[in-house]
Amino acid sequence: MKNITLANAAMVCRGTLYGMEEGSADLAAREASCVVIDSRKMEKGGIFIATKGEKVDGHSFISSVAGKGALGVICERKPENCQVPYILVEDSFKALQALAEFYRRQLSVLVVGITGSVGKTSTKEFIAGVLSEKYSVLKTQGNFNNEIGLPLTVLSIREEHQVAVLEMGISDFGEMHRLSKIARPDLCVMTNIGQSHLENLGSRDGILQAKSEIFDFMDPDGYILVNGDDDKLSGLSQKGNHAPLHFGFDPANEIYASHVLNKGLHGTEAVIHAKVNHYDLTITVEIPLPGEHMVRNALAAAGVGFLMGLDGKEVAEGISHVKSVGGRSHVIELAGCTLIDDCYNANPVSMQVALDLLATVQGRKVAILGDMFELGEGQERFHGDLGAYAVDVGIDLLICAGRLSAHMYERGKRQKEEKQADIEIHYFPEREEMLSRLSGLLKKDDVILVKASHGMQFEKVVEAIVKLPVLGYTDKY
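Residues numbered from 1 in each chain as written. Predicted model: local features only at pLDDT ≥ 70, side-chain atom pairs only at ≥ 80, totals over all residues. Heavy atoms only, no water.

## Quick word on the overall build of the protein
Within the protein, the secondary structure is distributed over 16 helices and 20 strands. For 477 residues, the compact-globule estimate of 2.2 N^0.38 gives 23 Å, and the protein sits close to it at 24 Å. Here the protein, with 477 residues, has 55% of them falling under the buried criterion. At a minimum sequence separation of 6, the contacts of the protein that also span at least 24 residues come to 67%. Looking at charge distribution, the protein has the averaged site of its 49 positive side-chain charges lying 3 Å from that of its 64 negative ones. (Helix = DSSP H or I, 4+ residues; strand = E, 2+ residues; numbered from the N terminus. Rg over C-alpha atoms; globule rule 2.2 N^0.38 Å. Buried < 20%, exposed > 50% of the residue type's maximum accessible area, 1.4 Å probe, protein only. Contact = heavy atoms within 4.5 Å. Lys, Arg positive; Asp, Glu negative; His and termini not counted. Charge placed at Lys NZ, Arg CZ, Asp CG, Glu CD.)

## So, the packing of helix H13 (residues 379-392) against helix H14 (residues 405-419)
It is the contact of H13 with H14, at a shortest axis distance of 7 Å, that shows an interaxial angle of 40 degrees. By the angle between their axes, H13 is oblique relative to H14. For the crossing formed where H13 meets H14, the hand is right-handed. For the pair formed by H13 and H14, the contact residues are Glu380, His383, Gly384, Asp385, Leu386, Gly387, Ala388, Val391 and Asp392 on the first element and Ser405, His407, Met408, Arg411, Gly412, Gln415, Lys416 and Lys419 on the second. Residue composition of the contact of H13 with H14, by class: 4 nonpolar, 7 polar and 6 charged. (Axes fitted to C-alpha atoms, helices over the stretch in contact; angles between N-to-C directions. Parallel < 35°, antiparallel > 145°, perpendicular 65-115°, else oblique. Left-handed = near helix turned anticlockwise from the far one by under 90°. Nonpolar A, V, L, I, M, F, W, Y, C, P; charged D, E, K, R; others polar.)

## A few points about the pattern of salt bridges
Evaluated as defined, the whole model comprises 23 salt bridges. A salt bridge links aspartate 205 to lysine 232, with the nearest nitrogen and oxygen atoms 2.7 Å apart. Of this pair, aspartate 205 sits in helix H9 (residues 204-211) while lysine 232 sits in the loop between strand E10 (223-227) and strand E11 (245-248), and the two are 27 residues apart along the sequence. Where arginine 364 meets aspartate 446, a salt bridge forms, and the shortest distance between an N and an O atom there is 2.8 Å. In this pair, arginine 364 is assigned in the loop between helix H12 (348-359) and strand E17 (365-370) and aspartate 446 in the loop between helix H15 (431-441) and strand E20 (447-451), connecting sequence segments 82 residues apart. (Salt bridge = Lys/Arg side-chain N within 4 Å of Asp/Glu carboxyl O.)

## Brief notes about helix H11 (residues 312-320)
Buried residues of H11: Gly312, Val315, Ala316, Gly318 and Ile319, and no others. Taken down its axis, H11 places every buried residue within 165 degrees of arc, on the same side. Buried residues belonging to H11 abut helix H5 (120-131), strand E13 (268-274), strand E14 (281-287) and helix H10 (292-307). Between the side-chain oxygen at the start of H11 and the backbone nitrogen of lysine 313 there is a gap of 3.2 Å, and the oxygen is on aspartate 311. (Arc of directions from axis to C-beta. Polar contact = N/O pair within 3.5 Å; in protein donor to acceptor, adjacent residues only side chain to side chain.)

## Observations regarding the sheet that holds strand E2 (residues 35-36)
One open sheet holds the 5 strands; their spatial order is E1-E5-E4-E3-E2, and the pairing between them is mixed. At either end of the open sheet lies a strand with only one pairing partner, and these are strand E1 (16-18) and E2. As paired elements, E1 and strand E5 (residues 86-88) share 3 bridges and run antiparallel to each other. Within E5, the position partnered with tyrosine 18 by the bridge is tyrosine 86. Together, E2, strand E3 (47-49) and strand E4 (72-75) form the strand contacts of helix H4 (residues 92-106), whose direction differs from that of E4 by roughly 125 degrees. (Pairing = 2+ DSSP bridges.)

## Section: the packing of aromatic side chains
Following the criterion strictly, the structure yields 2 aromatic pairs and no others. With 5.6 Å between their ring centres and 25 degrees between their planes, tyrosine 409 and tyrosine 427 make a pair best called stacked. Taken together, the positions of tyrosine 409 in helix H14 and tyrosine 427 in strand E19 (residues 424-428) put the pair 18 residues apart, joining distant regions of the chain. Note on tyrosine 427: relative accessible area 24%, which makes it partly exposed. (Phe/Tyr/Trp six-rings, centres within 6.5 Å; stacked < 30°, edge-to-face > 60°.)

## Describing the sheet that holds E14
Spatially, E7-E8-E6-E9-E10-E11-E12-E13-E14 is the arrangement adopted by the 9 strands of the open sheet, whose pairing is mixed. The open sheet has two edge strands, strand E7 (137-139) and E14, and neither has a second partner. Going across the sheet, the axis of each strand differs from the next one's by a mean of 15 degrees, ignoring polarity. With 3 bridges connecting them, E7 and strand E8 (residues 163-167) associate as parallel partners. Residue pairing for E8: lysine 139 is matched across the bridge by valine 165.

## Brief notes about the packing of H10 against H11
Following both chains from N to C, one finds H10 and H11 inclined at 145 degrees, their axes separated by 10 Å at the closest point. Relative to H11, the crossing made by H10 is right-handed. Contact with H10, carried on its side by Ala298, Ala302, Gly305 and Phe306, involves Gly312, Val315 and Ile319 of H11 and no other residues of that element. Taken together, the residues of the contact of H10 with H11 sort by class into 5 nonpolar, 2 polar and no charged.

Have a look at this one:
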């Protein structure tokens, strides 16, 4: 890792280096092989940062990483009988961020930063897929998009990587400023401004303000690419030397889609038009992931690809090869039903998008929905509106679980009566109670959507459905 040495780590983390014997200057100047906070990922010659979490204290594993040949340790308290040099700091998490910021400055890699209320992960997958047609790409893994995950992702960049595609997620003001300082993006992508984290950010204007902090440390000669169909982003002012570019369905956008052919759960075919820099071209693409929102994600990826010198064939190939990520519009074809695993997270906009997708399929449409968190004062209304929306779009069976989802259930029942809709609605205060009743509610050949905020742990719902005998369970699905 370029210039990541114990001496430099002590300097940038404002710590004190201990355990160095006389004549060990070479050791202090040796570059680390990796930087980790998980002792299981330690490699010989790496630096371990001991952090204290809710359940595990990394200081307990210092002897373990020493036994694996660690170069040194960064920690908040003096370790007992430490067999390797250690750097004593006040805050290990701040040390992690400082080291990642320093490391980013040593690299010539081009960074694409992605933020927005909905669709960050899928957009990241599309962009990384497209850019991989031409470049060696590192992308954010899993949910490593916050003030712990992003620095770890930056610290995983290696010399062979030409591009890093980084997902950047926040829940409060100031967080994106700190993430931008670490990532220093060359190209910024904003997917939309929805209704996430209203508890802290207050309103969509607050969300826009907080997410716009991504521009605080971007390359002034870099590019900004935003969803031009989003009312909050369409008028975004210039932040650097280039005016923002826009993607969406409106032909007024520099990158837009036409001739959209919805293939249901099998994805979408569309024609992409782009006027970006010297490009003025039209390409036909196969988007393998279902839903209109995936078309926008593909448009964002096309825009990034064209800005970075890919041709139309490379962009189309990259888009066509994208695969779904577990918990995000992941279609699972079981022996007895089709399951849409979208349980990773939820907010009012993403819930509606998921219901729109479900409404397009053939067969009995089942929505298993749970609570949405961090919505602030409007949380009861948002849940109620979603219940009504499920009725309006033609869902056949709505199953609600969680304290807040009681409002979804009640409003859904009222909407059913008002519209005399043919929909069955059930409510369970707790997820476990719902799980015990699923076998009596689901039928063979159902198309089932599972979605809730991450804290509801609806991945357990997905696991339970997969194993239901009534749906023709087999070990191979």
